[in-house]
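# Residue-level structure breakdown
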Amino acid sequence: MSRPPFTVAIIQDSASDDREGVVAATETKIREAHARGAQIVCLKELFNAPYFCKRLQLERFDIAEPVPGPTTERMQALAKELSIVLVVPIYERQAPGVYRNSAAIVDADGALLGVYRKMHIPHDPLFEEKYYFAPGDAVQVEGAYRSANGFAVWRTRYADIGVLICWDQWYPEGARITALLGAEILFYPTAIGWHPAERLNSGAAQVDAWRTAQRAHAIANGVFVASPNRVGHEDEPGTEGLTFFGHSFIADPFVRLVADAAHCEEEILVATCDPGIIEETRRNWPFFRDRRIDAYGPILSRYLGA
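Residues numbered from 1 in each chain as written. Predicted model: local features only at pLDDT ≥ 70, side-chain atom pairs only at ≥ 80, totals over all residues. Heavy atoms only, no water.

### So, the packing of helix α1 (residues 19–35) against helix α2 (residues 70–82)
Look at α1 against α2: their axes get within 11 Å of each other, and the N-to-C directions meet at 20°. The angle between the axes of α1 and α2 places the two elements in the roughly parallel class. You can see that α1 and α2 cross each other, and the crossing is right-handed. In this structure, α1 contributes Glu20, Val23, Ala24, Thr26, Glu27, Ile30, Arg31 and His34 to the contact, and α2 contributes Thr71, Arg74, Met75, Leu78, Glu81 and Leu82. Tallied by class, the residues present in the contact of α1 with α2 amount to six nonpolar, three polar and five charged. (Axes fitted to C-alpha atoms, helices over the stretch in contact; angles between N-to-C directions. Helix = DSSP H or I, 4+ residues; strand = E, 2+ residues; numbered from the N terminus. Parallel < 35°, antiparallel > 145°, perpendicular 65-115°, else oblique. Left-handed = near helix turned anticlockwise from the far one by under 90°. Contact = heavy atoms within 4.5 Å. Nonpolar A, V, L, I, M, F, W, Y, C, P; charged D, E, K, R; others polar.)

Structure follows, in structure tokens:
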């Protein structure tokens, strides 16, 4: 029998160098989401700082903090006060020289269930993430309800949730594994945007590609998908900076957009997700049943054409 419906919120907003101000503003938005009925709230990637990966600068490692640490402990207290689940994406200092792009998962009693560490790390102009982040390790994830090879599902008070981060969005393997682990919803905290010079010619296509890839995960896996993106322009000396395009959304397993944000505004999206739709979808589109798990060994190769 399916679990009861659960209500999620994702927060689309900007960030600044005033980290205390960002965290305080985020707390206000979480309270608003709770007042609108949210039981699970997911923040954007690296929520409490500007997207610092636009250039290589040694001092920017100082943005990182341990988990648990000051920010996650503050969010744990808020989760306990409001009886909500929080997904808190943060720059994590795991050890000297080991830094991660992470998301702390906090249950509704304030307990820190564990940490998901971004598995796929990009390297592009103004997205210099390989300099700042070690990828998640292909091991069991401490504290997870179920995990496999670095991917995980967390059993929270209200739902079994999977968390992946930004660049993970483009990889069907991560979505599939997390869904097979039992996730009812996949959260994708994100910081994706335009190089301003590209926006006129390819901006709309980039947004469409980003949304289509994730909505395909909802269809292929019969799960809900929720993706909170950053919004606003962030300068970087010597460059045109980046404009984060928002367009956050929540989609159901039939790929209907049950909540949808604009590209230029801060918004809180709230939607109720009924796990019964997962059952209904998978009965009509039984993709899990029909998978040829005996035939997929070649996917472990980097390339098969040569």
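### Quick notes on the sheet that holds strand β12 (residues 231–234)
One open sheet accounts for three strands, arranged β10-β13-β12; its pairing is antiparallel. Looking at which strands have only one partner, the edges of the open sheet turn out to be β10 (193–194) and β12. Two strands pair when backbone bridges link them, and β12 and strand β13 (residues 242–245) are joined in this way by four bridges, in the antiparallel orientation. Bridged to Gly232 within β13 is Phe244. (Pairing = 2+ DSSP bridges.)

### Looking at the pattern of salt bridges
Under the defined criterion, the tally for this structure stands at 24 salt bridges. By sharing partners, the salt bridges in this structure join Arg3, Arg155, Asp160 and Glu184 into a single network. (Salt bridge = Lys/Arg side-chain N within 4 Å of Asp/Glu carboxyl O.)

### Regarding the side chain of Asn101
Relative to the helices and strands, Asn101 is located in strand β4 (residues 98–106). On the basis of relative accessible area, Asn101 is assigned to the buried category, the value being 1%. Reaching out from Asn101, the side chain makes a polar contact with the side chain of Glu45 at a distance of 2.6 Å. Non-local contacts of Asn101, meaning those with residues more than four positions away in its chain, are made with Glu45, Leu46, Ile90, Tyr116, Arg117, Lys118, Glu129, Phe133 and Ile165. (Buried < 20%, exposed > 50% of the residue type's maximum accessible area, 1.4 Å probe, protein only. Polar contact = N/O pair within 3.5 Å; in protein donor to acceptor, adjacent residues only side chain to side chain.)

### Some thoughts on the nonpolar core
In this structure, Ile40, Tyr116, Trp154, Ile161, Ile185 and Phe187 are the most contacted members of the largest nonpolar core, which totals 54 residues. No other element matches strand β7 (residues 151–155), which puts four residues into this core. Not counting residues within four places of it along the chain, the set of residues in contact with Tyr116 comprises Asn101, Ser102, Ala103, Ile105, Gly150, Phe151, Trp154, Val163, Leu164, Ile165 and Asp168. Counting residues in hydrophobic clusters, the runner-up holds 22 residues, among them Ile11, Ala38, Leu82 and Ile84. (Core = buried A, V, L, I, M, F, W, Y, C linked by side-chain atoms within 4.5 Å.)

### Brief notes about empty space enclosed by the protein
Taken as a whole and assessed by the stated rule, the structure comprises two cavities of 30 Å³ or more. By volume, the largest cavity is sized at about 40 Å³. The wall of the largest cavity is formed by Ile219, Ala220, Asn221, Gly222, Thr281, Arg282, Trp285, Pro286, Phe287 and Phe288. Looking at the lining of the largest cavity, the elements with two or more residues in it are α5 (196–221), α6 (275–284) and α7 (287–290). Here the element with the most residues in the lining of the largest cavity is α5; it accounts for three residues. Residues that form the lining of the largest cavity fall into these classes: six nonpolar, three polar and one charged. (1 Å grid on protein atoms, 1.4 Å probe; cavity = no way out; pocket = protein on both sides within 12 Å on 5 of 7 lines; lining within 4 Å. Points joined across faces, edges and corners; volume = space filled by probe spheres on them.)

### Thoughts on the environment of Ile40
Summarising the element assignment, Ile40 is placed in strand β2 (residues 40–42). Considering only alpha carbons, one finds Ile40 and Trp154, 114 residues apart in sequence, at a separation of 12 Å. Filtering out sequence-adjacent residues up to four positions away, Ile40 remains in contact with Phe6, Thr7, Val8, Ala9, Val85, Thr156, Tyr158, Ala159, Ile161 and Phe187.

### Remarks on the packing of aromatic side chains
A full pass over the atoms with the stated rule returns 18 aromatic pairs. Ring geometry for Phe52 against Tyr132: centres 5.2 Å apart, planes inclined by 80°, an arrangement best described as edge-to-face. A residue pair is termed long-range when its members are at least 10 positions apart, and Phe52 in the loop between β2 and α2 and Tyr132 in helix α3 (residues 129–132) qualify at 80 residues. Look at Phe52 and you get buried, because its relative accessible area is 4%. Classification of Tyr132 by relative accessible area gives buried; the value is 1%. Ring centres of Phe254 and Trp285 lie 5.4 Å apart, and the angle between their planes is 65°; on these two criteria the pair is classed as edge-to-face. Of this pair, Phe254 sits in the loop between β14 (249–251) and β15 (257–260) while Trp285 is found in the loop between α6 and α7, placing the two residues 31 residues apart along the sequence. Three or more aromatic residues joined by ring pairs form one cluster here, namely Phe52, Phe61, Tyr91, Tyr99, Tyr131, Tyr132 and Phe133. Seen from the ring of Phe244, Arg230 lies directly overhead, with NZ or CZ sitting 5.6 Å from the centre. (Phe/Tyr/Trp six-rings, centres within 6.5 Å; stacked < 30°, edge-to-face > 60°. Lys NZ or Arg CZ within 6 Å of the ring centre and 35° of its normal.)

### Things to note about α5
The largest bend in α5 amounts to roughly 85° and is located at Ser202. Among the residues making up α5, those that are buried are Gly203, Val207, Trp210, Arg211, Gln214, His217, Ala218 and Asn221. Directly beyond the C-terminal end of α5, a positive phi value near 60° is found at Gly222. (Bend = angle between axes of the 7 residues up to and from the residue.)

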